[in-house]
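Now for the letters of each chain:
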Amino acid sequence: SFRHVDVDVVFAKHKESGQRYLSFRGFRSALGQIAFRKKMDVELLIEYIECNGTLRTNTNSGLVPMPNRFHDDLQGYTGVHKAGGPTVVDKQNRDLSRIVDRSMS
């Protein structure tokens, strides 16, 4: 099998130093190592990826997020998130009179 940890090792080996992505040459080289580890021909691996769009052997690999009803269902959002989220710049008056009641009780 080819686990998520194996993907990380192959990626780290074939990426250029200081980069966070693979160049096309690094990608082709990584495919060669993946094919070797899976004991299959590189061309067969490429054909498999082209036909299926992905090569996943572990369904919980972290590559595709699992459904989450608390995140995906917008009807369940509450508070400020229901209205679109907080703002970084308040357009209202910045004095304390809007939030503090200083009247005599």
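Predicted model, so just to flag it, every value in this text is computed and none were measured.

S.K.: What should I look at first to understand unusual backbone geometry in this one?
M.R.: A negative phi angle characterises most non-glycine residues, just as the trans form characterises most peptide bonds. Residues other than glycine seldom take positive phi values, yet K39 does so here, at roughly 55 degrees. Tracing the chain through its elements places K39 in the loop between α2 (24–37) and α3 (42–52). The exposure class assigned to K39 is exposed, which follows from its relative accessible area of 76%.

S.K.: What is the right way to read the environment of S29 from this model?
M.R.: Residue placement: S29 occurs in helix α2. In this structure the side chain of S29 is engaged in a polar contact, spanning 2.9 Å, whose partner is the side chain of H14.

S.K.: Could you clarify how one ought to interpret helix α1 (residues 4–14) in this entry?
M.R.: Since one α-helical turn is 3.6 residues long, residues separated by three or four positions face the same way. For α1, the complete set of buried residues consists of D6, V10 and H14. One side of α1 holds all its buried residues, which, seen down the axis, span an arc of 55 degrees. Against α2 lie the buried residues of α1.

Each value, and the rule that gives it
Residues numbered from 1 in each chain as written. Predicted model: local features only at pLDDT ≥ 70, side-chain atom pairs only at ≥ 80, totals over all residues. Heavy atoms only, no water. Helix = DSSP H or I, 4+ residues; strand = E, 2+ residues; numbered from the N terminus. Buried < 20%, exposed > 50% of the residue type's maximum accessible area, 1.4 Å probe, protein only. Polar contact = N/O pair within 3.5 Å; in protein donor to acceptor, adjacent residues only side chain to side chain. Arc of directions from axis to C-beta. Contact = heavy atoms within 4.5 Å.

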